[in-house]
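Structural features, examined
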Amino acid sequence: MNPKSYRPRQAADLLGIGIATLWRWSKARADFPKPIRLSARCTVFDGNALVAWRDAQGSK
């Protein structure tokens, strides 16, 4: 079971990538889950969307 949301560092660790790559993918890849801005200093990624995206990459 995964949490509902991940902070950027946790999201990068989940995907096995660096934090810079996480932000680059969120801007450049249309199919990558977009970040959710909770406040001016707090951004999260939907955990279910990240896992679904990661699993879909294995089938490509």
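Each remark here, short or long, concerns the structure printed above.
Our subject in this report is the structure included herewith. (Residues numbered from 1 in each chain as written. Predicted model: local features only at pLDDT ≥ 70, side-chain atom pairs only at ≥ 80, totals over all residues. Heavy atoms only, no water.)

Brief notes about the sheet that holds strand S2 (residues 36-39)
Reading across from one edge, S1-S3-S2 is the order of the three strands in this open sheet, with antiparallel pairing throughout. Since the sheet does not close on itself, it has two edges, and those belong to strand S1 (5-6) and S2, each with one partner. The sheet contact formed by S1 and strand S3 (residues 42-46) spans two bridges and is antiparallel. In the sheet register, Tyr6 faces S3, and the bridge partner there is Phe45. (Pairing = 2+ DSSP bridges. Helix = DSSP H or I, 4+ residues; strand = E, 2+ residues; numbered from the N terminus.)

Points about the nonpolar core
Ranked by size, the top nonpolar core spans eleven residues in total: Tyr6, Ala11, Ala12, Leu15, Ile17, Leu22, Trp25, Phe32, Phe45, Leu50 and Trp53. Of all elements in the fold, only helix H1 (8-15), helix H2 (19-28) and helix H3 (47-58) reach the threshold of two or more residues within this core. Considering every element that reaches this core, the biggest residue donor is H1, with three residues. Filtering out sequence-adjacent residues up to four positions away, Leu15 remains in contact with Leu22, Phe32, Leu50, Trp53 and Arg54. (Core = buried A, V, L, I, M, F, W, Y, C linked by side-chain atoms within 4.5 Å. Buried < 20%, exposed > 50% of the residue type's maximum accessible area, 1.4 Å probe, protein only. Contact = heavy atoms within 4.5 Å.)

Just distances and angles here, no functional claims.
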